[in-house]
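Each chain, letter by letter, is given below.
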Amino acid sequence: GSTNLLAANGAAAVIGQSGRLSEAKSIFAHLREIAPHQLPDAWINLGHIHFLQNEFTQAIKIYKAALDKFFDGHDVGLLTSIAKAEFYLADKGKTLKPSKD
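A brief look at the structure comes next. Counting starts from 1 at the beginning of each chain's written sequence and moves along it residue by residue. Reporting of local features is limited, given that this is a predicted model, to residues whose pLDDT is at least 70; pairs of side-chain atoms are given and counted only at 80 or more, and all residues count toward the totals for whole chains, interfaces and linings. The basis for the side-chain values is all heavy atoms of the structure; hydrogens and waters are excluded.

## Here's the deal with the environment of Pro 36
Stage number 1. Counting from the N terminus, the helices are the DSSP runs of H or I reaching at least four residues and the strands are the DSSP runs of E reaching at least two. Structurally, Pro 36 is set in the loop between α2 (21–34) and α3 (40–52).
Stage number 2. Judged by relative accessible area, which is 28%, Pro 36 ranks as partly exposed.
Stage number 3. Contact between two residues is taken to exist if any of their heavy atoms lie within 4.5 Å; hydrogens are not considered. If we skip the residues at most four places from it in the chain, Pro 36 touches Trp 43, Lys 69 and Phe 70. Exposure categories follow from relative accessible area, calculated using a 1.4 Å probe and restricted to protein chains: below 20% of the type maximum is buried, above 50% is exposed, and the middle band is partly exposed.

In structure tokens:
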């Protein structure tokens with residue numbers, strides 16, 4: 001039931017906070033698959049882990065999907081997360097370009 005989903009989401013969050021990001025990412029991705037319309041936190045947390053792993057494009061995709069699916073495009077926290085990921089993605093693109101020396 002939904003109680004088990006919430007418990008699994010909470011456990012994955014604790015695992016992620018302990019630094020085991022890949023393990024937490026796997027759990028959040030699984031929760032998103034088995035309950036695609038029930039648990040916005042699993043989507044958001046999955047986006048956060050992609051962000052922490054410098055996978056900004058994937059984080060943005062997940063944040064935007066959650067924003068549309070659960071919040072009708074209106075959620076300050078998610079919009080802020082998208083903007084932050086877009087900023088880091090742009091900054092990463094600048095630092096990875098070869099210098100013109």
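From this point, the discussion proceeds with the structure in view.
## Examining the environment of Gly 73
Stage number 1. Structurally, Gly 73 is set in the loop between α4 (56–71) and α5 (76–96).
Stage number 2. In this view, Gly 73 contacts Leu 67, Asp 68 and Leu 79; residues no more than four positions away in its chain are not counted.

## Focus on the nonpolar core
Stage number 1. Among the nonpolar cores identified, the biggest contains 25 residues, and Phe 28, Leu 31, Phe 51, Tyr 63 and Leu 78 are the most heavily contacted of them.
Stage number 2. Tallying contributions element by element places α4 first for this core, with seven residues.
Stage number 3. When residues no more than four places from it in sequence are discounted, the contact partners of Tyr 63 are Ile 44, Gly 47, His 48, Phe 51, Leu 78, Ser 81, Ile 82 and Ala 85. Think of a nonpolar core as a cluster: buried Ala, Val, Leu, Ile, Met, Phe, Trp, Tyr and Cys residues, connected wherever their side-chain atoms sit within 4.5 Å.

## Re unusual backbone geometry
Excluding glycine, a negative phi dihedral is what most residues carry, and trans is how most peptide bonds are arranged.
Stage number 1. In this structure, Asn 54 is a non-glycine residue whose phi angle is positive, near 60°.
Stage number 2. Inspection of the secondary structure assignment puts Asn 54 in the loop between α3 and α4.

## Some remarks on α2
Stage number 1. Helix span, as expected, comes to 1.5 Å for every residue beyond the first. Between its first and last C-alpha, α2 extends 20 Å over 14 residues, near the 20 Å set by a 1.5 Å rise per residue.
Stage number 2. Restricting attention to buried positions, one finds in α2 the residues Ala 24, Lys 25, Phe 28, Ala 29 and Leu 31. Projected onto a plane normal to the axis of α2, the buried residues spread over an arc of 160° and lie on a single side. Seen from the open side of α2, the exposed residues pointing more than 90 degrees away from its buried face are Ser 22, Glu 33 and Ile 34.
Stage number 3. On its buried face, α2 sits against α1 (2–17) and α3. Of all possible arcs, the one meant is that of the directions from the helix axis to the C-beta atoms.

## Notes on the pattern of salt bridges
Side-chain pairs of opposite charge can arise where the charged atoms are in close proximity.
Stage number 1. Note on definitions: salt bridges are taken to be side-chain nitrogens of Lys or Arg within 4 Å of carboxyl oxygens of Asp or Glu. The final tally for this structure, using the stated rule, is three salt bridges.
Stage number 2. Here Glu 55 and Lys 25 are joined by a salt bridge, their closest N and O atoms 3.0 Å apart. Within this pair, whereas Glu 55 is found in the loop between α3 and α4, its partner Lys 25 is found in helix α2, the two being separated by 30 residues in sequence.
Stage number 3. For Glu 55, a relative accessible area of 29% gives the class partly exposed.

## A word on the packing of aromatic side chains
Stage number 1. What counts as a ring pair is set by centres within 6.5 Å for rings of Phe, Tyr and Trp (its six-membered ring), and what kind of pair is set by the plane angle: stacked under 30 degrees, edge-to-face over 60, tilted for all other angles. Throughout the structure, instances matching the rule amount to six aromatic pairs.
Stage number 2. A ring pair is formed by Phe 51 and Phe 56, whose centres lie 5.3 Å apart and whose planes are at 65°; its orientation type is edge-to-face.
Stage number 3. Among the aromatic residues, ring-to-ring pairing joins Phe 51, Phe 56, Phe 87 and Tyr 88 into one connected group.
Stage number 4. Should the NZ of a Lys or the CZ of an Arg lie within 6 Å of a ring centre and within 35 degrees of the ring normal, that charge is described as sitting over the ring. Sitting over the ring of Trp 43, Arg 32 keeps its end group 5.1 Å from the ring centre.

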